[in-house]
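The lines below spell out each chain.
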Amino acid sequence: SASDKLTPGDTRVKYETAQIRGKTYSYMLGEPEGQPKDTIVLVHGFPDIGFGWRCQIPYLISLGLRVVVPDMLGYGGTDAPAELEPYSLKSLSDDVAELARKFVGEDGQIILGGHDWGGAVVWRLPLWHPKLIKGVFSVCTPFGAPRSEYHDLKDVVALGILTNFKYQLQFRGPETEANIQGEEKLRQFFTCMFGGRNSNGEPGFDVSQGILFDKLESLKPSPLLSKEELEYYVKKYASHPAPELHGPLNWYRTAKLNFEEEKPLSEKPTVLELPSLLVTAERDSALPPEMARNMPKHFKDLTTKSVNASHWALTQAGPQVNEYIGDWIKASVW
Ligand SMILES: O=C(NCCCc1ccccc1)N[C@H]1CC[C@H](OCc2c(F)cccc2F)CC1
């Protein structure tokens, strides 16, 4: 039924590829019965793939939507260029816009949703492609306005600010992709990032420290991933040459590029006029709900909801997330 999540290789969606601005993107395509009411594009985060939206895809198809779910740049069946520029939020926005236009044409519109880093992309897309988006939502990730001054995360964290982002100093460095290579390490990595703990109940990842590499081999399976789902993630990441995490981690290395590209946008106040939805996860240790406290002044039509879940809200609170998205589409977009 519409409420049961996609399984690995599920035949309810088609698996397609497209050439997008010189890169090969792989995406899942779900088509509703009859004429689609709209096209929705879903953007995943780190460390994820389009399959991260498995609890949402059948439900959104049942609403009569065409659902397009790419593996984002660096992930799964999509190319992973080694250099940084293709991973800037503007470049990623341009990629998503080109993919969207393959379905809705030059003058059409899409509904756009993101989780985690995908949320960072979707909040920028309407700034770079204002006519394309008829409604935008983000799960977990708040909107942050383009800045006129650059502050390196290392300096910010040293001041005791944004200490929940301290793990990103590890992620942007060389050690994570050096330490996580090959299927067994990738298996331990996903178990760790999806909340796996050791027999003393200690986690393998903590936002204020990063990955505790010496704990990885003693973690018990994460309750958030079945064995089949875990193997699907491992196989998808292992399809890239080592270091398999280089592309995905490049998303953490573009802060200066993003600042330079977005600086012109910072010269006047940003107010997004389109229907917007934020769903925060009450127990997200990287993106706690209070990070959204300054959002309302940047939006004309913002709906905010919260779910009782960790960062992995899409699967942990799937039905509730789906209800909020569906209600918002019916109330604000249609
Ligand atoms: O690092 C991320 N996910 C991996 C960790 C997942 C995890 C969390 C907790 C437990 C286990 C696993 N996500 C990023 C997504 C982008 C975020 O920055 C976005 C952003 C802007 F771009 C601008 C202004 C504010 C703003 F928040 C920073 C966190």
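Structure first, text after, so check above.
Notes on the structure in this doc start here. (Residues numbered from 1 in each chain as written. Predicted model: local features only at pLDDT ≥ 70, side-chain atom pairs only at ≥ 80, totals over all residues. Heavy atoms only, no water.)

## Topic: the packing of helix 7 (residues 183-193) against helix 8 (residues 227-238)
Now for step 1: At a minimum axis separation of 9 Å, helix 7 and helix 8 run at an interaxial angle of 125°. Comparing the axis directions of helix 7 and helix 8 gives the class oblique. Note on packing geometry: the crossing formed by helix 7 with helix 8 is right-handed. Taking contact as the criterion, the partners of Glu183, Leu186, Arg187, Phe190 and Thr191 in helix 7 are, on helix 8, Leu230, Glu231, Tyr233, Val234, Lys235, Tyr237 and Ala238. (Axes fitted to C-alpha atoms, helices over the stretch in contact; angles between N-to-C directions. Helix = DSSP H or I, 4+ residues; strand = E, 2+ residues; numbered from the N terminus. Parallel < 35°, antiparallel > 145°, perpendicular 65-115°, else oblique. Left-handed = near helix turned anticlockwise from the far one by under 90°. Contact = heavy atoms within 4.5 Å.)

## Things to note about the packing of aromatic side chains
Given two aromatic rings, their pairing is described by the distance between the two centres and the angle made by the two planes.
Now for step 1: Per the stated rule, a full pass over the model turns up 25 aromatic pairs.
Now for step 2: Pairing Phe190 with Tyr233 gives two aromatic rings, centres 5.4 Å apart and planes at 50°, and the pair type is tilted. Note that Phe190 is positioned in helix 7 and Tyr233 in helix 8, a separation of 43 residues in sequence. Each member of the pair, Phe190 as well as Tyr233, is classed as buried.
Now for step 3: The lysine or arginine in question, Lys90, covers the ring of Trp128, its NZ or CZ lying 5.2 Å from the ring centre. (Phe/Tyr/Trp six-rings, centres within 6.5 Å; stacked < 30°, edge-to-face > 60°. Buried < 20%, exposed > 50% of the residue type's maximum accessible area, 1.4 Å probe, protein only. Lys NZ or Arg CZ within 6 Å of the ring centre and 35° of its normal.)

## With respect to unusual backbone geometry
Now for step 1: Pro47 follows Phe46 through a cis peptide bond whose omega is -15°.
Now for step 2: Here Pro47 lies in the loop between strand 3 (38-43) and helix 1 (57-62).
Now for step 3: A cis amide bond links Ala242 with the next residue in sequence, Pro243, at an omega value of -5°.
Now for step 4: Mapped onto the secondary structure, Pro243 falls in the loop between helix 8 and helix 9 (246-250).

## Here's the deal with the site of the ligand
Now for step 1: Taken together, 17 residues lie around the ligand, and Phe46, Asp116, Tyr167, Gln168 and Tyr252 are the ones closest in.
Now for step 2: The side chain of Asp116 places a nitrogen or oxygen atom 2.6 Å from a nitrogen atom of the ligand.
Now for step 3: Separating an oxygen atom of the ligand from a side-chain N or O atom of Tyr167 is a distance of 2.6 Å.
Now for step 4: At the level of elements, helix 3 (117-128) and helix 5 (167-171) are the ones that each hand at least two residues to the shell around the ligand.
Now for step 5: Class assignment of the residues belonging to the shell around the ligand gives a composition of 11 nonpolar, five polar and one charged. (Near = heavy atom within 4 Å. Polar contact = N/O pair within 3.5 Å; in protein donor to acceptor, adjacent residues only side chain to side chain. Nonpolar A, V, L, I, M, F, W, Y, C, P; charged D, E, K, R; others polar.)

## Things to note about the sheet that holds strand 6 (residues 133-139)
Now for step 1: Pairing within the open sheet is mixed, and its eight strands lie in the order 1-2-4-3-5-6-9-10. Edge positions in the sheet fall to strand 1 (14-20) and strand 10 (302-307), since each has one partner strand and no second. Strand-to-strand, the axes of this sheet are offset by a mean angle of 20°, without reference to chain direction.
Now for step 2: Where strand 3 and strand 4 (residues 65-70) come together, four bridges link them in parallel fashion. Each residue of the ladder has a partner; that of Ile40, found in strand 4, is Val67.
Now for step 3: Along the sheet, helix 2 (residues 89-104) makes contact with strand 1, strand 2 (23-30), strand 3, strand 4 and strand 5 (110-115), crossing strand 1 at roughly 120°. (Pairing = 2+ DSSP bridges.)

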